[in-house]
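Structural overview for review
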Amino acid sequence: MIGDNGGTAPMIEAGELQKQYGDTPAVAGINLAVYPGEIVGFLGPNGAGKTTTIKMLIGLLRPSAGVARIGGFDIQRRPLQAKALIGYVPDQPYLPEKLTAYEFLQFMAGLYRVEPAAAAQRGEELLRLFNLTERADELLGGYSHGMRQKAALAGALLHNPRAFFLDEPTVGLDPRSARLIKDILRGVADRGTSVFMSTHILEIAERMCDRVFIIDKGRIIAAGTLEELRAGGAGSLEDIFLELTGGAEEAAIAEALS
Ligand SMILES: Nc1ncnc2c1ncn2[C@@H]1O[C@H](COP(=O)(O)OP(=O)(O)OP(=O)(O)O)[C@@H](O)[C@H]1O
Ligand SMILES: [Mg+2]
């Protein structure tokens, strides 16, 4: 099933997606397809174009060229239909500090027009899933970083998105929370949602994703399951990643330390 396109339509698609800032292409022609039930990692070094690509896929940023489709709907031409399918957790989620977690979920339900009874039930379920039930009546302003991440995830899952985007979801999470989020994402994917997460941390991609796209300088330079990527050469994903991205970090670290 993973990566299998036999008869199944992709949930997330990019065709020659580009973003130009001045003379520099931040994203230089990305093609990809993600199918229902997959957890896909968008792996690349800092500045590779991950956030820019995600923002174009979800309609927050207008591409310089190319097309993005969610559930077959062009995000620029059919934004309402496409966006109804999307859940998004940015790298720095905005949370209303003056709301409790409980109120925040109600607010998100209103935003996505989830019917109140269904929203209440799903909200309880998500709070429980993220171990936030006991603190659900506290203001988000008093939440720790990890708790905020979890609240943001819960809010983005309330309307049951079919295409779930997360930009660096595990930054600053302790191992237990990272594991919890991994399990929750697997559950979400198992119900047929496509999960698309960016990360610059190899281990995260290795542990959480069914398939990875490696992006460097605005282009996808490798794609496949970890087995497929490893088949090209021996070694860990780290070796492959550093090899493909020219070992830039390694060289930079060596230089800085010399
Ligand atoms: N608004 C902007 N104006 C000009 N350049 C931008 C803008 N946004 C992004 N860029 C440039 O586009 C490139 C890709 O940035 P992007 O944020 O997509 O990278 P990233 O892969 O998400 O990196 P990170 O791992 O650091 O989050 C970078 O060179 C960045 O400086
Ligand atoms: Mg980024």
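Scope of this entry: the structure provided in the associated data block.

1. Some remarks on the overall build of the protein
A count of helices and strands for the protein gives 10 helices and 10 strands. Considering the protein as a whole, with its 258 residues, one finds that 38% of them fall into the buried category. Pairs at least 24 residues apart make up 72% of the contacts formed inside the protein by residues separated by at least 6 positions.

2. Re the packing of helix 3 (residues 101–111) against helix 4 (residues 116–129)
Each pair of packed helices can be described by the angle between their axes along with the distance between the axes. Closest axis-to-axis distance for the helix 3/helix 4 pair is 10 Å, and the angle between their directions is 135 degrees. With respect to helix 4, the element helix 3 is oriented oblique. Every pair of crossing elements has a handedness; the one defined by helix 3 and helix 4 is right-handed. Contacts between helix 3 and helix 4 involve Ala101, Leu105, Gln106 and Ala109 on the former and, on the latter, Pro116, Ala119, Gly123 and Leu127. For the contact of helix 3 with helix 4, a count of residues per class yields six nonpolar, two polar and no charged.

3. Quick word on the site of ligand 1
Around ligand 1, the surrounding shell consists of Tyr21, Ala26, Gly44, Asn46, Gly47, Ala48, Gly49, Lys50, Thr51, Thr52 and His200. At three residues, the largest contribution of residues to the shell around ligand 1 is made by helix 1 (residues 50–57). When grouped by side-chain class, the residues that make up the shell around ligand 1 number three nonpolar, seven polar and one charged.

4. Thoughts on the sheet that holds strand 1 (residues 12–21)
Ordered in space as 2-1-4-5, the four strands form an open sheet in which the pairing is antiparallel. With one partner strand each, in any of the chains shown, strand 2 (24–34) and strand 5 (73–74) form the two edges of the open sheet. Where strand 4 (residues 65–70) and strand 5 come together, two bridges link them in antiparallel fashion. Each bridged residue has a counterpart across the sheet, and for isoleucine 70 the counterpart in strand 5 is phenylalanine 73. Where helix 1 meets the sheet, its contacts fall on strand 1, strand 2 and strand 4, and the angle it forms with strand 1 comes to roughly 120 degrees.

Definitions and limits used
Residues numbered from 1 in each chain as written. Chains lettered and ligands numbered in written order. Predicted model: local features only at pLDDT ≥ 70, side-chain atom pairs only at ≥ 80, totals over all residues. Helix = DSSP H or I, 4+ residues; strand = E, 2+ residues; numbered from the N terminus. Buried ≥ 20, exposed ≤ 12 C-beta atoms within 10 Å, placed from the backbone. Contact = placed C-beta atoms within 7 Å. Axes fitted to C-alpha atoms, helices over the stretch in contact; angles between N-to-C directions. Parallel < 35°, antiparallel > 145°, perpendicular 65-115°, else oblique. Left-handed = near helix turned anticlockwise from the far one by under 90°. Nonpolar A, V, L, I, M, F, W, Y, C, P; charged D, E, K, R; others polar. Near = placed C-beta within 6 Å. Pairing = 2+ DSSP bridges.

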